[in-house]
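Single-letter residue listing:
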Amino acid sequence: MRRVAVVVFPGSNCDADTLHAARAAGCEAYVVWHRERDLGQADVVILPGGFSYGDYLRSGAIARFSPVMAAVAEHARAGGQLLGICNGFQILCEAGLLPGALMRNAGLRFLSRPVSVRVEATDTPFTCLYERGEVLELPIAHGDGRYAADPRTAAELEAGGQVVWRYVRDNPNGSTNHIAGVMSAGRNVVGIMPHPERRAAPALEGGGQDGARVFLSMEARHATQDVADVRAVDDRHLRV
């Protein structure tokens, strides 16, 4: 059974949904408050969605300096599994644990609706139960969801197979290369903008369980594969 720490910041609002989804997948999930400096021997760490610190300055920019983030970064450097969902993705980028940045949506409007994303990578701790090329319907809820990367970084992500999910049918926020999620070069840190925890049970978001396998993958990965040997390079964008 995976021990899953769900980190809660002031303004997080998807922590309860994330806890429920992880527990439904068979994990031992618990809350870690942002002021804590210990992750409680977590196997997996999840930074959930919300509006940490009210999204002042930039989304995730203040949360990046929370006391807990030193432990989160160390967990990632040691090869631990780390997932950032929506605001959590923004925090990971601000902390330098993932490349790129999340900017204001191209239309400068907050978006809250279902979108279609294609699974581009299945060799991560959170997507191993999906099929590559599979199209999922998942909800988004963000004002700063436009993934931005300079041409060199975008080319490196594509060449390294580090794009995890990609918007299809439409690009709701104007993200570079239609990117909806990326991973570190070490493939243990993943950030995604859509909310899988909101499509993890038939009663949620109009039915469907397209997001449930994100959480089921954590247990499946544990049963079939040892944790990768991951080290940091300049403490950014972890790689093997």
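Every chain is numbered on its own, with residues counted from 1 as its sequence reads. Given that this is a predicted model, residues contribute local features only at a pLDDT of at least 70 and side-chain atom pairs are listed and counted only at 80 or more, while totals for whole chains, interfaces and linings are drawn from all residues. Note: side-chain values were computed over all heavy atoms of the structure, leaving out hydrogens and water.

Caption draft 1: Representation of the overall build of the chain within the structure. When helices and strands are tallied, the chain shows five helices and 13 strands. Burial classification: accessible surface area is computed with a 1.4 Å probe over protein chains only, and a residue below 20% of its type maximum counts as buried, one above 50% as exposed, and the rest as partly exposed. Sorting the 240 residues of the chain into buried and exposed places 55% on the buried side. The contact definition used throughout considers only heavy atoms, calling two residues in contact when any of these lie within 4.5 Å. When contacts within the chain are restricted to residue pairs at least 6 apart in sequence, long-range pairs at least 24 apart make up 74% of them. Shrake-Rupley sampling with a 1.4 Å probe provides the accessible areas, and residues are treated as covered by the protein chains on show and by no other component. By element, 49% of the accessible surface of the chain is carried by carbon and sulfur atoms, the whole surface being about 10,000 Å². Helix numbering and strand numbering both begin at the N terminus, where a helix is a DSSP run of H or I of at least 4 residues and a strand a DSSP run of E of at least 2.

Caption draft 2: Region of the structure containing the side chain of Ser-59. Structurally, the position occupied by Ser-59 is in the loop between β3 (44-47) and α2 (68-77). There is a polar contact of 2.5 Å between the side chain of Ser-59 and the side chain of Asp-144. Sequence-distant contacts of Ser-59, defined by excluding residues within four places in its chain, comprise Asn-87, Gln-90, Glu-94 and Asp-144. For the purposes of these results, a polar contact is taken to be a pair of N or O atoms within 3.5 Å, where, inside protein, one atom must be able to donate a hydrogen and its partner to accept one; residues adjacent in sequence count only when each atom of the pair is a side-chain atom.

Caption draft 3: Inspection of the pattern of salt bridges at higher detail. The salt bridge criterion pairs a side-chain nitrogen of Lys or Arg with a carboxyl oxygen of Asp or Glu, the two atoms within 4 Å. In this structure the tally under the stated criterion is 14 salt bridges. Linking Glu-120 and Arg-166 is a salt bridge whose minimum nitrogen-to-oxygen distance equals 2.5 Å. Remark: Arg-166 occurs in strand β9 (residues 163-168) and Glu-120 occurs in the loop between β6 (111-119) and β7 (135-142); sequence separation between them is 46 residues. By relative accessible area, which is 14% here, Arg-166 ends up buried.

Caption draft 4: Summary view of the packing of aromatic side chains. Within 6.5 Å between ring centres, the rings of Phe, Tyr and Trp (the latter by its six-membered ring) count as paired, and their orientation is classed by plane angle as stacked under 30 degrees, edge-to-face over 60, tilted in between. Taken as a whole and assessed by the stated rule, the structure comprises two aromatic pairs. An angle of 35° between the planes, with centres 6.3 Å apart, marks the rings of Phe-51 and Phe-110 as tilted. Of this pair, Phe-51 sits in the loop between β3 and α2 while Phe-110 sits in the loop between β5 (101-103) and β6, and the two are 59 residues apart along the sequence. Both rings, one in Phe-89 and one in Tyr-147, keep their centres 5.9 Å apart while their planes meet at 15°; by these two values the pair is stacked. With Phe-89 in helix α3 (residues 87-94) and Tyr-147 in strand β8 (residues 146-148), this pair connects stretches of sequence that are 58 residues apart. Overall, the relative accessible area of 0% leaves Phe-89 in the buried class. You can call Tyr-147 buried: its relative accessible area is 0%. When the ring centre of Phe-65 is taken as reference, the NZ or CZ atom of Arg-64 above it lies at 4.7 Å. Only lysine NZ and arginine CZ atoms are considered, and such an atom sits over a ring when it is within 6 Å of the ring centre and within 35 degrees of the ring normal.

The values are spatial; any link to function lies outside them.
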